[in-house]
Amino acid sequence: MTVKDDIEARLTAAFAPDRLEVTNESHRHAGHAGDDGTGESHFHILIRAAAFAPMTRVARHRAVHQALGDLNQRVHAIALDVG
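These remarks concern the structure in this document.

A word on the overall build of the protein chain. Assigned secondary structure in the protein chain consists of 3 helices and 3 strands. Ordered by position from the N terminus, the helices and strands of the protein chain form the series α-β-β-α-α-β. Within the span of the protein chain, comprising 83 residues, buried residues form 31% of the whole. A separation threshold of at least 6 residues defines the contact pool for the protein chain, and within that pool the share at least 24 residues apart is 61%. Here the protein chain displays about 4800 Å² of accessible surface, and carbon together with sulfur accounts for 50% of that area.

This is how it looks when you write it as structure tokens:
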């Protein structure tokens, strides 16, 4: 399973999103800090789910990071667009 697949599975299980787009942006960071050579170091996540409606922006981000669990340590950078 790729990191992208793992991210999608975890977020789908946690939030049943209406929209989920996980984009591997690692190629844009080749040779930069945090590039571990795996091609799975930098991701952009766009997620929309009803579960986020009562949460503040900070709470939404915390909830996503909690759902990702150990992936937070395996991935160098995760950009979030949560709503």
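Still more to cover.
On to the packing of aromatic side chains, then. Throughout the structure, instances matching the rule amount to 1 aromatic pair. Between Phe15 and Phe52 the ring centres are 4.7 Å apart and the planes differ by 40 degrees, which places this aromatic pair in the tilted class. One end of the pair, Phe15, is in helix H1 (residues 3-15); the other, Phe52, is in the loop between strand E2 (42-48) and helix H2 (57-68), and 37 residues separate them in sequence. The pair formed by Phe15 and Phe52 is uniform in burial state, with each residue classed as buried.

Reading the values: the criteria
- For every chain, the first residue of its written sequence is number 1, and the numbers climb from 1 along that sequence.
- Only residues with pLDDT of at least 70 are given local features in this predicted model, and only at 80 or more are side-chain atom pairs given and counted; all residues enter the totals for whole chains, interfaces and linings.
- With hydrogens and water stripped out, all remaining heavy atoms of the structure feed into the side-chain values.
- For the purposes of this entry, the term helix denotes a DSSP run of H or I that reaches at least four residues, the term strand denotes a run of E that reaches at least two, and both are numbered from the N terminus.
- Only protein chains enter the accessibility calculation, which uses a 1.4 Å probe; a residue is then buried when its area is under 20% of its type maximum, exposed when over 50%, and partly exposed in between.
- Contact criterion: two residues are considered in contact whenever any of their non-hydrogen atoms come within 4.5 Å of each other.
- The protein chains shown are the only cover counted for residues, whose accessible areas, like all others here, come from Shrake-Rupley with a 1.4 Å probe.
- Note on ring pairs: Phe, Tyr and Trp rings are taken, using the six-membered ring of Trp, and paired if centres are within 6.5 Å. Classes follow the plane angle, with under 30 degrees stacked, over 60 edge-to-face and the rest tilted.

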